[in-house]
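Observations on the model geometry
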Amino acid sequence: IEENNLENKYPEYKSLLKEYKEGILLFDLTNIKVWKKAIEDTVGLKEYFNFNQSLYTWPTRLDATIYKCEDLSTAKNVKPNIYKKNRGKITNEEILSEINNKNPLRLQIISKKFIKNEIDYLNDIEWKVGISKDIILEDGSYVLVNIHDILQPSNKKLSEIKGKVISDYQKELEDKWILSLRSKYNININKELLYTLIK
């Protein structure tokens, strides 16, 4: 009897139950209308991406391999190997194996496409194909950058930016859903009650 009358005896408890119930309903409905739909509606996602292609572009990028050397001595050993690598005589894996045979931290190699400001020292070198000038970092390590290509601004592929596109598509679906609700239902705000919540 006590359990069955909790909502009648305690208005705050009744209000809390209502809040939870409506919160769960809102979550489930938003999942159907927005979150799940954006992930499962592959046709809609692709159409959204194609329509908004201008929002998803690459700036000028540097296709390069960075060789971070522990010290000057390591850099002197690495540089001739970079020239060999460019002539197809050796691979980066072989360079790592040779240089790091005693100390695995003497050389680190990163190969990818970089954008401006992604790594500070890339802004200090001339962006042209070839091996850049040596870069000396504050910790005494040396960086050699082997630039393979300068990639001009281009459109991103959906596969490269899918997570961001899904997020943006969800935002659009949510905005359209809220707009349709606003046009369908009148919204009345009890300002007197609202202001009582401000303390």
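Data block above holds the structure.
Structural notes, computed from the coordinates. Along each chain, numbering runs from 1 in the same order as the chain's sequence is written. At least 70 in pLDDT is required for a residue's local features to be given in this predicted model, at least 80 for side-chain atom pairs to be given and counted, and no such filter applies to totals for whole chains, interfaces and linings, which use all residues. In computing side-chain properties, one takes all heavy atoms of the structure into account and sets aside hydrogens as well as water.

**Describing the overall build of the chain**
Rules: Secondary structure elements are taken from DSSP: a helix is a run of H or I of four residues or more, a strand is a run of E of two residues or more, and numbering for both begins at the N terminus. Between two residues, a contact is recorded if the distance between any of their heavy atoms is within 4.5 Å. Using a 1.4 Å probe, accessible areas were evaluated by the Shrake-Rupley method; residue-level cover was limited to the displayed protein chains. Only four residue types enter the tally: Lys and Arg on the positive side, Asp and Glu on the negative side; His and the chain ends are excluded. Charge coordinates come from a single atom per side chain, which is NZ of Lys, CZ of Arg, CG of Asp or CD of Glu.
Counting its regular elements, the chain contains seven helices and seven strands. Overall, the chain shows an N-to-C arrangement of helices and strands of α-α-α-β-β-α-α-β-β-β-β-β-α-α. Once the C-alpha set of the chain is aligned to its principal axes, its extents read approximately 85 × 45 × 35 Å. Considering only contacts within the chain whose residues lie at least 6 apart along the sequence, 67% involve residues at least 24 apart. For the chain, the exposed surface amounts to about 14,600 Å²; the carbon and sulfur share of it is 53%. A gap of 5 Å separates the mean positions of the 33 positive and 30 negative side-chain charges of the chain.

**A few points about helix α3 (residues 42-51)**
Think of an α-helix as 3.6 residues a turn; residues three or four steps apart then line up on the same face. For clarity, the threshold we go by: Whether a residue is buried, partly exposed or exposed follows from its accessible area with a 1.4 Å probe, protein chains only, as a fraction of its type maximum: under 20%, in between, or over 50%, in that order. Note that the arc is defined by the directions from the helix axis to the C-beta atoms.
Those residues of α3 that fall on the buried side of the exposure criterion are Gly44, Leu45, Tyr48 and Phe49. An end-on view of α3 places all buried positions within 135° of arc, on one side of the element. What points out from α3, more than 90 degrees from its buried face, is the exposed set Thr42, Val43, Lys46, Glu47 and Phe51.

**Considerations on helix α6 (residues 162-184)**
Applied cut-off: What a helix should span is 1.5 Å times the count of its residues minus one.
When the terminal C-alpha atoms of α6 are compared, their 33 Å separation across 23 residues agrees well with the 33 Å that a helix rising 1.5 Å per residue should span. Among the residues of α6, those classed as buried are Val165, Ile166, Asp168, Tyr169, Gln170, Leu173 and Trp177.

**What to know about the environment of Ile150**
One can find Ile150 in strand β6 (residues 142-151). With 86 residues separating them along the chain, Ile150 and Ala64 place their C-alpha atoms 8.7 Å apart. Contacts of Ile150, omitting those with residues within four sequence positions, involve Thr60, Arg61, Leu62, Trp127 and Lys128.

**Details of the packing of aromatic side chains**
As a reminder, the rule being used: Only Phe, Tyr and Trp rings are paired, with Trp represented by its six-membered ring, and only when their centres lie within 6.5 Å; those with planes under 30 degrees apart are stacked, over 60 edge-to-face, the remainder tilted. A positively charged side chain is recorded as over a ring if its NZ (Lys) or CZ (Arg) lies within 6 Å of the ring centre. The angle to the ring normal must also be within 35 degrees.
Scanning the model with the defined rule gives three aromatic pairs in all. Aromatic side chains Tyr48 and Tyr169 sit 5.4 Å apart centroid to centroid with 35° between the ring planes, which places their arrangement in the tilted category. Taken as a pair, Tyr48 in helix α3 and Tyr169 in helix α6 lie far apart in primary sequence, 121 residues in all. Taking NZ or CZ as reference, Lys156 lies 4.3 Å from the ring centre of Trp58, over its face.

**Digging into the side chain of Arg61**
As a reminder of what qualifies: Take a side-chain nitrogen of Lys or Arg and a carboxyl oxygen of Asp or Glu: if they are within 4 Å of each other, that pair is a salt bridge.
With respect to the helices and strands, Arg61 occurs in strand β2 (residues 61-69). One buried charged residue, Arg61, forms no salt bridge at all, with the nearest opposite charge on Glu160 at 5.0 Å. Every residue in contact with Arg61, bar those within four places of it in the chain, is listed here: Lys113, Phe114, Ile115, Trp127, Asp149, Ile150, Leu151 and Ser154.

**Focus on a nonpolar patch on the surface**
In plain terms, the rule: Each patch is built from residues lacking any salt bridge and having more than 30% relative accessible area; the joining distance is 9 Å for like charges and 5 Å for nonpolar side chains (Val, Leu, Ile, Met, Phe, Trp, Tyr).
Side chains of Ile187, Ile189, Leu194, Tyr195, Leu197 and Ile198 sit close together on the surface and give an oily, nonpolar patch of about 690 Å² of accessible area. Assessed through its relative accessible area of 60%, Ile189 is described here as exposed.

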